[in-house]
Amino acid sequence: MSESSVQPHSLLACGLPVPPPPLPAADALALARLLVAPSLDAGLVRELERITGRRAEPLSNVPPPPDAPLLCVGDALPDALRTDRLLWFHSVNAGTDPLLAGGPWPAPALLTRTVGRMGERIAQYVLGWMLAEAQSVPEFAERHARAHWERLPSELVAGRTALVYGTGRIGAAVGRLLGACGVRTVGVARTARYGPAPGTDRVVPPGFDRVIGAAEDAGVLGEARWVISTLPLTAATEGFFGAERFAALRGATFVNVGRGATVDMGALEAALRDGRLRRAVLDVLPAEPAAPQDPVWKLPRTVITSHSAGITTDEDIAVDFAACWDDVTAGRRPGLTVDTGRGY
């Protein structure tokens, strides 16, 4: 999936607060037509029909007759449906930046997303590459190809520091798994929103030994053995990892499982070539898929893994949509609600 720049479509992007949309009213939800993306598996569609108690119709750029509000499940919102008829859109993906970058979001519409067990999958991906590096797997694979016998040292991950950018569901899952292996985890949030309030101690969320705000990361970057990004793409995070942050590294490995456009690729390459970056593992790129002639394939000490660290399953979609449906029909705001102003 190609990523495009996120343009601010909200008052929040201009520094003003944006109130969350109201929950869909019960009478409107009862009348809503269920539109699902044609790419969804037939079994998943039947489950969505069972949950909502209505038949599904194709989600396309030609809306059904204007006799009812719309409940949509898919990965893209056609322009013709970006109207006040849209009651609720459930994204089958965790990242909603393409949805929000496609045009102004209908203010009254609820947006929820699918996370499922993605956090577990991404956490395993991150730990797998960390352990592979610590056990010199890339070097042994290269020597095996040459039939060359050479003993190589291993490295213990326990006691080393990993900076995890993004402290939401996915970042916290990464932090928990790394912490179970003895890695010291420092979460980096958009702001130091966990405190401390005057006269109180900072509250650290599960999965992290410490949490700092993004503006506080300069000193800790130099201590990190691994820098892991789970950041979404928003107007605030585009190009977030640039020359200044890479200049602060002292031989860390960078793992990106968030969004490719959060990284200045020129600055990344410079840091790899001058040794400030030991290695890079990139599951995401600014433009995907990367063509065979794309220079990213030539980056030194870099592995690219084709946006596959946390592939969403049909079970994830069904389970998360059902949870959101239960919340909405009970008058509760779903925990998977997206703040369309912030973009996550």
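Up top is the structure.
Let me sum up the structure you'll find in this document. (Residues numbered from 1 in each chain as written. Predicted model: local features only at pLDDT ≥ 70, side-chain atom pairs only at ≥ 80, totals over all residues. Heavy atoms only, no water.)

Considerations on the sheet that holds strand S3 (residues 70–74)
The strands that make up a sheet pair up through hydrogen bonds in the backbone, lying either parallel or antiparallel. Just so we agree on the cut-off: When DSSP finds at least two bridges between two strands, those strands are taken to pair. In this text, helices come from DSSP runs of H or I with a minimum length of four residues, and strands from runs of E with a minimum of two, each type numbered from the N-terminal end. With axes taken as lines fitted to C-alpha atoms, and helix axes fitted only over the stretch in contact, angles between N-to-C directions fall between 0 and 180 degrees.
Taking strand neighbours across the sheet as the criterion, the 5 strands line up as S2-S1-S3-S4-S5 in an open arrangement whose pairing is parallel. Each edge of the sheet is formed by a strand with only one pairing partner; in this case those strands are strand S2 (56–58) and strand S5 (110–112). Taken over all neighbouring pairs, the strand axes of this sheet differ in orientation by 25 degrees on average, direction set aside. Sheet topology places strand S4 (residues 86–91) next to S5; 3 bridges connect them, and they run parallel.

Here we look at the packing of helix H4 (residues 118–134) against helix H6 (residues 169–180)
This is how it is decided: Here roughly perpendicular refers to angles of 65 to 115 degrees, roughly parallel to angles under 35, roughly antiparallel to angles over 145, and oblique to all remaining angles. When the near helix sits turned anticlockwise from the far one by under a right angle, the crossing is termed left-handed; a clockwise turn instead gives a right-handed crossing. The contact criterion used is simple: two residues touch if any of their non-hydrogen atoms lie within 4.5 Å. Amino acid classes used here: Ala, Val, Leu, Ile, Met, Phe, Trp, Tyr, Cys and Pro are nonpolar; Asp, Glu, Lys and Arg are charged; the rest, including Gly, are polar.
Packing of H4 against H6 brings their axes to within 8 Å, and their N-to-C directions diverge by 45 degrees. Here H4 is positioned oblique relative to H6, judged by the angle of their axes. When you trace H4 past H6, the crossing you get is right-handed. Every residue of H6 that contacts H4 at Met118, Gly119, Glu120, Ile122, Ala123, Gln124, Val126, Leu127 and Met130 is listed here: Ile170, Ala173, Val174, Leu177 and Leu178. For the contact of H4 with H6, the residue count by class is 11 nonpolar, 2 polar and 1 charged.

Here's the deal with unusual backbone geometry
Following Glu288, the chain continues into Pro289 via a peptide bond in cis, with omega recorded as -5 degrees. Backbone geometry at Ala147 places phi at a positive 55 degrees, although glycine is not the residue there. Here Ala147 shows up in the loop between helix H5 (137–145) and strand S6 (161–165).

Let's talk about helix H9 (residues 265–274)
Because an α-helix completes one turn every 3.6 residues, residues spaced three or four positions apart along the sequence face the same direction. Which entries qualify depends on this criterion: Any residue under 20% of the maximum accessible area for its type is buried, any over 50% is exposed, and the rest in between are partly exposed; the area is computed with a 1.4 Å probe on protein chains only. The arc under discussion is defined with respect to the helix axis, by the directions toward the C-beta atoms. Any N or O atom pair separated by 3.5 Å or less is treated as a polar contact, with the protein-specific requirement of one donor-capable and one acceptor-capable atom, and with residues adjacent in sequence counted only for side-chain atom pairs.
Along H9, the positions that sit buried rather than exposed are Met265, Ala267, Leu268, Ala271 and Leu272. Within H9, the buried residues cover an arc of 160 degrees as seen down the axis, which keeps them to one side. In this structure, the buried residues of H9 make contact with helix H8 (243–247), strand S10 (252–256), strand S11 (277–282) and strand S12 (302–304). A side-chain oxygen of the first residue of H9 lies 3.0 Å from the backbone nitrogen of Gly266; this N-cap is Asp264. Directly after H9, the chain includes Gly275, whose backbone phi takes a positive value near 90 degrees.

A short note on the pairing of strand S9 (residues 226–229)
Here S9 shows two buried faces, one formed by Trp226 and Ile228 and the other by Val227 and Ser229. Bridge count for S6 against S9 is 4 bridges, and the pairing is parallel. Along S9, the bridge assignment pairs Leu163 with Val227.

A few points about the side chain of Arg33
You can see Arg33 is positioned in strand S1 (residues 33–36). At a separation of 2.9 Å, a polar atom in the side chain of Arg33 contacts the side chain of Glu57. For Arg33, the side chain forms a polar contact with the side chain of Asp67, separated by 2.7 Å. Residue contacts for Arg33: discarding those within four places in its chain leaves Glu57, Pro64, Pro65, Asp67, Ala68, Pro69, Leu70 and Leu71.

Points about the pattern of salt bridges
Here is the rule we go by: The salt bridge definition used is simple: a Lys or Arg side-chain nitrogen within 4 Å of an Asp or Glu carboxyl oxygen.
Overall, the coordinates contain 20 salt bridges when judged by the stated rule. Salt-bridge contacts for Glu142 lead to Arg143; the nearest nitrogen and oxygen are separated by 3.3 Å. Classification of Glu142 as partly exposed rests on a relative accessible area of 35%. Taking the shortest distance from any N to any O, the salt bridge between Arg276 and Asp274 comes out at 2.5 Å.

A short note on H4
Short version of the rule: Helix span is expected to be 1.5 Å times the residue number reduced by one.
For H4, with 17 residues, the first-to-last C-alpha span of 24 Å sits near the 24 Å given by 1.5 Å per residue. Listed as buried for H4 are Met118, Gly119, Ile122, Ala123, Tyr125, Val126, Leu127, Met130, Ala132, Glu133 and Ala134. On its buried face, H4 sits against H5, H6, S9, S10 and S11. Looking one or two places after H4, you find Ser136, whose phi comes out positive at around 60 degrees.

Here's the deal with the pairing of S11
Applied cut-off: Whether a crossover is right-handed depends on one test, that the path from the first strand over the helix to the second runs clockwise when the strands point away from the viewer.
Within S11, 5 of the 6 residues are buried, leaving the element largely enclosed by the surrounding structure. The parallel pair S10 and S11, bridged by H9, forms a crossover whose chirality is right-handed. Examined bridge by bridge, S11 and S12 share 3 bridges and lie parallel to one another. Bridging across to S12, Val281 finds its partner in Val303.

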